[in-house]
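# Structural characterization, general
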Amino acid sequence: MKKIVLCLIIMLCLTGCSIEYNIEITKDDFNESTTIMTDTRMTETYQNESLENILSKISNNYYEPIYFNDENYDYYVGGKQDNVVFYDISPFQKDYLLGVNLKHNFKYNDIYRSNIIKNCFNELSIQNSDNYILLRTDNNCKAFREYSLLENITINIKTSLEVIASNADKVENGIYTWVITRENYGNKSVHLTYNLGNNNIIDNPIDNDKEEENKPDEKPQESEERIVNNKMNSLIIMISFGILIMVLTIVIKRKKTRL
């Protein structure tokens, strides 16, 4: 099989399709759910077969790795393979909309490898600064160049964590929404900054707070005593230096008197 990524999009794009990307962010997880759908009222077919039948086959016998360009997956062979994690794929239908849904629960350290995300954006940057997480994509959604009949992508990010800033088009009921279309895909990015709180999710983090806790406590009394001692030592050195100068001066004067 020729290497293809998300070939079901190609089938759906024959009639025009929309993508709804939903992700729920918790302290530890990124719950990703993507729906690729088309309007069945267009009543078009692919290779003399209805979209309903095609989508049914995809839902029951199609495997898509969760990681972009998974090195363990042979795309030319296709199908289910060992040592590869695949999306949970199920059929989707709502009113006149028909499609498929792909789900997976990613962790903080691997969400950047998401196959869905990497098929839309070349870059997903995740930065952690003092438990403030900044998510940022590049501003060019390449999916619109690869799939000519893709109409729009709606991105919904939901989280109960405190959101500090975002460039979302709309915020409603705690859901941050971006709408990418064929008109704006070349200059549209996703930015979201949220507060993780006291939770650390990076593997083997350097916890400065814990390092400070592990240091022996310095008692104020001991600190004051050390300051006093330092001052006394400095004073003794200065007095000693002064006495030395006085002695040298007396010796020099006596030598001059004898001469």
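Okay, so let's go over this structure.

### Notes on the sheet that holds strand β5 (residues 88-94)
- Judged by pairing direction, the sheet is mixed, and its seven strands sit side by side in the order β5-β6-β2-β1-β9-β12-β11 without closing on themselves. Of all the strands in the sheet, the pair left with one neighbour each is β5 and β11 (170-172). Between one strand axis and the next, the sheet turns through 20° on average, direction left out of account.

### Notes on the pattern of salt bridges
- What the rule picks out here adds up to three salt bridges.
- For Asp 29, the salt bridge goes to Lys 107, with nearest N and O atoms at 2.5 Å. Here Asp 29, found in strand β2 (residues 29-39), pairs with Lys 107, found in strand β6 (residues 97-107); they are 78 residues apart in sequence, far enough to count as distant.
- Note on Asp 29: relative accessible area 16%, which makes it buried.
- Note on Lys 107: relative accessible area 43%, which makes it partly exposed.
- Ionic pairing is found between Asp 169 and Lys 188, a salt bridge with its closest N-O pair at 2.6 Å. In this pair, Asp 169 is assigned in the loop between β10 (162-166) and β11 and Lys 188 in the loop between β12 (175-181) and β13 (191-195), connecting sequence segments 19 residues apart.
- Owing to a relative accessible area of 43%, Asp 169 belongs among the partly exposed residues under this scheme.
- On the basis of relative accessibility, which here comes to 14%, the residue Lys 188 falls in the buried class.

### Details of unusual backbone geometry
- For Asp 95, which is not a glycine, the phi torsion comes out positive at approximately 55°.
- Take Asp 95: it is sitting in the loop between β5 and β6.
- Despite not being glycine, Asn 131 has its phi angle at roughly 70°, a positive value.

### Notes on empty space enclosed by the protein
- The tally for this structure, following the rule as stated, stands at two cavities of 30 Å³ or more.
- Considered as a void within the structure, the largest cavity measures approximately 260 Å³ in volume.
- Lining the largest cavity are 18 residues, with Tyr 21, Ile 117, Leu 124, Thr 137 and Ile 155 positioned closest to its centre.
- For the lining of the largest cavity, the elements supplying multiple residues, two or more each, are β1 (17-25), α3 (115-120), β8 (132-137) and β9 (150-159).

### Regarding the sheet that holds β10
- Here we have four strands laid out as an open sheet, ordered β7-β8-β13-β10, and antiparallel in their pairing. The open sheet has two edge strands, β7 (124-129) and β10, and neither has a second partner. Neighbouring strand axes in the sheet, compared pairwise and without regard to direction, differ in orientation by 20° on average.
- Pairing geometry for β8 and β13, over five bridges, is antiparallel. Looking at the pairing, Arg 136 lines up with His 191 of β13.

### Topic: the environment of Tyr 96
- Along the chain, Tyr 96 turns up in the loop between β5 and β6.
- Counting along the chain gives 58 residues from Tyr 96 to Thr 38, while the straight-line C-alpha distance between them is 8.2 Å.
- If near-sequence neighbours (up to four positions away) are discounted, Tyr 96 is found in contact with Thr 38, Asp 39, Thr 40 and Arg 41.

Parameters and conventions
- Residues numbered from 1 in each chain as written.
- Predicted model: local features only at pLDDT ≥ 70, side-chain atom pairs only at ≥ 80, totals over all residues.
- Heavy atoms only, no water.
- Pairing = 2+ DSSP bridges.
- Helix = DSSP H or I, 4+ residues; strand = E, 2+ residues; numbered from the N terminus.
- Axes fitted to C-alpha atoms, helices over the stretch in contact; angles between N-to-C directions.
- Salt bridge = Lys/Arg side-chain N within 4 Å of Asp/Glu carboxyl O.
- Buried < 20%, exposed > 50% of the residue type's maximum accessible area, 1.4 Å probe, protein only.
- 1 Å grid on protein atoms, 1.4 Å probe; cavity = no way out; pocket = protein on both sides within 12 Å on 5 of 7 lines; lining within 4 Å.
- Points joined across faces, edges and corners; volume = space filled by probe spheres on them.
- Contact = heavy atoms within 4.5 Å.

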